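A structural walkthrough
Given next are the chains, with one letter for each unit.
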Amino acid sequence: VFKGGMLGMIVATIVWVSIFLYIVFYYLYMPSLSHTRQVHLQFTACETEKGVCSFPSAHVQLTKKQQLLMIGQRYKMFLSLEMPESPANIDLGMFMVCARMVDKGGVLVSNSCRATMLHYRSQFLNFLYTCVNSPFFLFGSKEEKQLITIELYSDFEEHQGHQVTDIYLEIQSRFIELYSASLHIQAHLSGLRYLMFHWPLLSAIVGVSSNLFILAFIFSLSWYHLYMQNEHGGTMFLDFMKKSLTSRSFRGRVWGGRSYIEDLDPRPEKQSGSSSENDESRSSQEFFKAGTGEELGYYLDGED
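Per an unreviewed UniProt entry, the chain goes by the name Seipin and belongs to Cuerna arida. The record in UniProt for the chain states the following under Subcellular location (unreviewed entry): "Endoplasmic reticulum membrane".

Below is the structure:
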């Protein structure tokens, strides 16, 4: 009962350790899927006339101390612009959006520029769109605006020695009108990370089973080693003594060629009525009583 209870406790421990190891591996290996930062654009106002006298720009701080992006993982970066369908934006046409990524020391890691514009809508389609959505416009549930998404990076990968901590954004147009802007960073999963994210149950079963197999194999080897050592430790010593006493050098030095192998085995043997065997047994017992460490040491030195 005691051995069964101990075995059950060990099996339960191995199972829980396997699950715990998979959970730790999942959170260390899988990156955060998305990061969102609000972009607060700034510009220089004109002194003599209304409007903007500089390109709108913003500084986005990704992190201060800890690393935000995982090294070796590819990311996609998007800038979302919420723009009203005003006459100024419609007449604006195309404009450029640029991004500069720097590390903690201010070293430029990468830069990117992309062109974009409002989605075109003809006058007739614009009239129909306004008529259909006019009730929503009146009650304020919808607005005449467009959400423009610009892909700044499609395959960005963090460098080992230059982790990105800050991003500088600039919209190269003085006549653009914006409601808000936001930066989105999404992890582009592939390989094992893709499988672990899209098939979490299957990945968990395979991962926990692998941990169970490895831990059970290690435990079995340890259990076998300790059990066999405890069971056969004394027998191994007796086998060594038997082999030693049968050697000619030892018999010539101590007993003049006589061998007492049978008396070294503690296992019970069949009783014999002959007086010669009893004499042999008594002689072997006297040998162990009278034998000194010096004689055994002398023998072992001679064998070496």
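So that's the structure; there's more coming.
Focus on the overall build of the chain
Each helix and strand in the chain was counted, giving eight helices and eight strands. Here the analysis covers contacts within the chain between residues at least 6 apart in sequence; of these, 76% occur between residues at least 24 apart.

A word on the UniProt feature "transmembrane region" (unreviewed entry) in the chain
In this numbering, the UniProt entry assigns the feature "transmembrane region" (unreviewed entry) to residues 6-29 and 201-226. For residues 201-226, helix accounts for 100% and strand for 0%, while the C-alpha atoms at its two ends are 37 Å apart.

Topic: helix α3 (residues 123-139)
If you check α3, its first and last C-alpha atoms are 24 Å apart, about what 17 residues at 1.5 Å a residue would give, namely 24 Å. The largest bend in α3 is about 60 degrees, located at N133, with the proline P135 one to four residues further on. Downstream of α3 by one or two residues, G140 has phi in the positive range, about 85 degrees.

Description of the side chain of S110
Along the chain, the position of S110 falls in strand β5 (residues 108-116). Within the structure, S110 has its side chain in polar contact with the side chain of Y153 (distance 2.9 Å).

Side note on the packing of aromatic side chains
Considering all chains together, one arrives at six aromatic pairs under this definition. Relative to Y29, the ring of F25 has its centre 5.1 Å away and its plane inclined at 10 degrees; by these criteria the two rings are stacked. With F25 and Y29 both in helix α1 (residues 2-29) and four residues apart, this pair spans about one turn of that helix. For Y29, a relative accessible area of 25% gives the class partly exposed. The rings of Y22, Y26 and Y27 are connected pair by pair, giving a single aromatic cluster. The ring of Y129 carries R121 above its face, with NZ or CZ at 4.2 Å from the centroid. The side chain of R193 reaches across the aromatic face of Y29, ending 4.2 Å from its centre.

Concerning the pairing of strand β7 (residues 164-172)
As judged from the five bridges shared by strand β2 (residues 57-61) and β7, these two strands associate in the antiparallel manner. The residue of β7 that forms the bridge with S57 is E170. As judged from the eight bridges shared by strand β4 (residues 95-103) and β7, these two strands associate in the antiparallel manner. Pairing of V102 across the sheet is with D166, part of β7.

Comments concerning the sheet that holds strand β8 (residues 180-187)
In space, the four strands of this open sheet follow the order β1-β8-β3-β6, with antiparallel pairing throughout. Looking at which strands have only one partner, the edges of the open sheet turn out to be β1 (34-39) and β6 (145-157). On average, each strand axis in the sheet is tilted by 20 degrees relative to the strand beside it, whichever way the strands run. Here strand β3 (residues 74-84) runs beside β8; their pairing, made up of eight bridges, is antiparallel. Its bridge partner lying in β8, L81 is registered against A181.

So, the state of the cysteines
Defined simply, a disulfide is a covalent bond joining two cysteines at their sulfur atoms. Summed over all chains, the structure comprises two disulfides. Between the sulfur atoms of C98 and its disulfide partner C113 the distance amounts to 2.1 Å. Between C98 and C113, the S-S torsion sits near 115 degrees, and that sign places the bridge as right-handed. Residue C98 is located in strand β4, and its partner C113 is located in strand β5; the two are separated by 15 residues in the primary sequence. Here C98 falls in the buried class, since its relative accessible area comes to 9%. Ordinal numbering of bonded cysteines along the chain defines a disulfide pattern of 1-2, 3-4.

Overview of the pattern of salt bridges
On inspection of all chains with the given rule, the structure shows three salt bridges. Between R121 and E85 there is a salt bridge whose closest N-O contact spans 3.1 Å. One end of the pair, R121, is in the loop between β5 and α3; the other, E85, is in the loop between β3 and α2 (87-92), and 36 residues separate them in sequence.

Focus: the sheet that holds β2
An order of β2-β7-β4-β5 is seen for the four strands of this open sheet, with the pairing classed as antiparallel. Lying at the two open borders of the sheet, with one neighbouring strand each, are β2 and β5. Sheet twist, expressed as the mean angle between neighbouring strand axes with direction ignored, is 15 degrees.

Scoring rules and cut-offs
- Residues numbered from 1 in each chain as written.
- Predicted model: local features only at pLDDT ≥ 70, side-chain atom pairs only at ≥ 80, totals over all residues.
- Heavy atoms only, no water.
- UniProt positions renumbered as here; feature names shortened; annotations may be inferred.
- Helix = DSSP H or I, 4+ residues; strand = E, 2+ residues; numbered from the N terminus.
- Contact = heavy atoms within 4.5 Å.
- Expected span 1.5 Å × (residues − 1).
- Bend = angle between axes of the 7 residues up to and from the residue.
- Polar contact = N/O pair within 3.5 Å; in protein donor to acceptor, adjacent residues only side chain to side chain.
- Phe/Tyr/Trp six-rings, centres within 6.5 Å; stacked < 30°, edge-to-face > 60°.
- Buried < 20%, exposed > 50% of the residue type's maximum accessible area, 1.4 Å probe, protein only.
- Lys NZ or Arg CZ within 6 Å of the ring centre and 35° of its normal.
- Pairing = 2+ DSSP bridges.
- Axes fitted to C-alpha atoms, helices over the stretch in contact; angles between N-to-C directions.
- Disulfide = S-S within 2.5 Å.
- Salt bridge = Lys/Arg side-chain N within 4 Å of Asp/Glu carboxyl O.

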